[in-house]
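# Fold and geometry: a report
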Amino acid sequence: MVAVSSFPARAVVDLAAIRANVRSLAAHAPTAQVMAVVKADGYGHGLLPTAAAAVAGGATWLGAAQVEEALALRRGGVVGPRVLTWLYAPGAPLRDAVEADVDVSVSARWALDELAAAARAAGRPARAHLKVDTGLSRNGLTPADLAAILPEVLRLRAEGAVEVVGLWSHFAFADEPEHPTVVRQGEVFAEALRTVEGAGVVLEVRHLANSAATLTTPSAHYDLVRPGVAVYGLSPVPQLGASEDFGLVPAMTLEAELANVKAVPGGSGVSYAHQYVTSRDTVLGLVPLGYADGIPRHASGTVERPGGPVRVGDRTVGVAGRVCMDQVVLDLGPGATEREGDRVELFGTGRDGGPTAQDWAESAGTISYEIVTRIGARVPRVHVDSEVVAP
Ligand SMILES: *Cc1c(COP(=O)(O)O)cnc(C)c1O
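Residues numbered from 1 in each chain as written. Predicted model: local features only at pLDDT ≥ 70, side-chain atom pairs only at ≥ 80, totals over all residues. Heavy atoms only, no water.

Where an unreviewed UniProt entry is consulted, the chain appears under the name Alanine racemase, with the organism given as Cellulomonas fengjieae. Quoted verbatim from the Pathway (unreviewed entry) field of the UniProt record, the comment on the chain reads "Amino-acid biosynthesis; D-alanine biosynthesis; D-alanine from L-alanine: step 1/1." According to the UniProt record, the Catalytic activity (unreviewed entry) comment for the chain reads "L-alanine = D-alanine". (UniProt positions renumbered as here; feature names shortened; annotations may be inferred.)

Moving on: the overall build of the chain. For the chain, the helix and strand inventory stands at 11 helices and 19 strands. Summarising its shape, the C-alpha atoms of the chain cover approximately 80 × 45 × 40 Å along the three principal directions. With 391 residues in all, the chain has 54% of them scored as buried. Of the accessible surface of the chain, which amounts to about 16,200 Å², a share of 53% is contributed by carbon and sulfur atoms. (Helix = DSSP H or I, 4+ residues; strand = E, 2+ residues; numbered from the N terminus. Buried < 20%, exposed > 50% of the residue type's maximum accessible area, 1.4 Å probe, protein only. Areas by Shrake-Rupley, 256 points an atom, 1.4 Å probe, with all protein chains shown as cover.)

Following the UniProt record, one finds the feature "modified residue: N6-(pyridoxal phosphate)lysine" (unreviewed entry) at Lys 39. Note that Lys 39 resides in helix α2 (residues 39-43). Overall, the relative accessible area of 28% leaves Lys 39 in the partly exposed class. Beyond its immediate chain neighbours, meaning those up to four positions away, Lys 39 contacts Gly 63, Ala 64, Ala 65, Glu 69 and Trp 86. (Contact = heavy atoms within 4.5 Å.)

With that out of the way, let us pick up the layout of surface pockets. Approximately 690 Å³ is the volume found for the largest pocket. In terms of lining, the largest pocket is formed by 31 residues, of which the most central are Lys 39, Arg 138, His 170, Asn 210 and Tyr 369. Within the residue set of the lining of the largest pocket, elements represented by two or more residues are α2, β3 (61-66), β4 (82-87), α9 (211-216) and α11 (368-373). Split into classes, the residues belonging to the lining of the largest pocket amount to 16 nonpolar, 10 polar and 5 charged. Two domains each put at least three residues into the lining of the largest pocket: domain 1 (15-236) and domain 2 (252-384). (1 Å grid on protein atoms, 1.4 Å probe; cavity = no way out; pocket = protein on both sides within 12 Å on 5 of 7 lines; lining within 4 Å. Points joined across faces, edges and corners; volume = space filled by probe spheres on them. Nonpolar A, V, L, I, M, F, W, Y, C, P; charged D, E, K, R; others polar. Domains from an automatic or database assignment.)

Take a look at the structure:
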């Protein structure tokens, strides 16, 4: 690995894995196009490189939550795929979105009004996706609000201000495909489709499936699937299958160089509050990453319950004691031969039994989504392509 920064740690992102994951997801949903969701800086993997890799893997749409994220894609030269943005408050730069050819979700009457005003100001029609709340009770129009907004939708279409190209929704229990709400939300969505299409709206895309539904609920695929976490190779349903069970490869490897290695006697208290006390003479290794870098403090370890797993050489050890802001300590074991500068891996592909973001999620009592999206801004992202052979 060629160091591109003196920072003694990095998140290495394999763009070949992202391409392959999108191809896998497309194979799981053969009747649908793929919208790769690249919000939150590509789930922490880097917005533009991730978007380009997803498109190279076959994604024809990109999903961004925030308007600024969608605009950053266009400003970054991403012009081929359609882009959808869905989360904004009154006063958002919707005119910029319309001018940048970004599709905009509409979840309320005020949003429709602002989008129409943006389209008039831009002098071109806005492309809208009506979001219907089918039971998550988060964003979106209730079915009643959807019916109530339709006359205005039709009026704005006649005016040439707003073209409704999509109807969409989001599941509450996609990660539990047997949950009765999955069927129920599907029914509410189908009813909303009948309402909208019955009013004469011709939709380009109907979309409902996130990663979990893409992998487990084919009836939700419709014309377009919206996977996020699976694009990055993480299983959205770890209780049902690991990444490889779904043909996915984790794209991010978080690695660091040991910054200090030293022998200490048994009975040594380690890190703040001595939550970990060495049970024998041993060797400690210092990893220069902490909670400011996204290492969850909840993954701190005690002797009884080791913290988040770290690969050292060909073995895996747990975090010893509290995760600090900038660093964590590992108990490398008696007689360990590691030295400062040796590379350790906090998580990666999981190949050969190495630790994964899912392992860290379990250690911290959270989900893998949170592990990768919270890797801190000061950790360099290094994009590599395992299919490109170095000259
Ligand atoms: C984040 C998000 C997705 C992607 O979800 P994953 O579980 O990561 O696949 C899809 N749709 C919406 C509305 C989202 O907010």
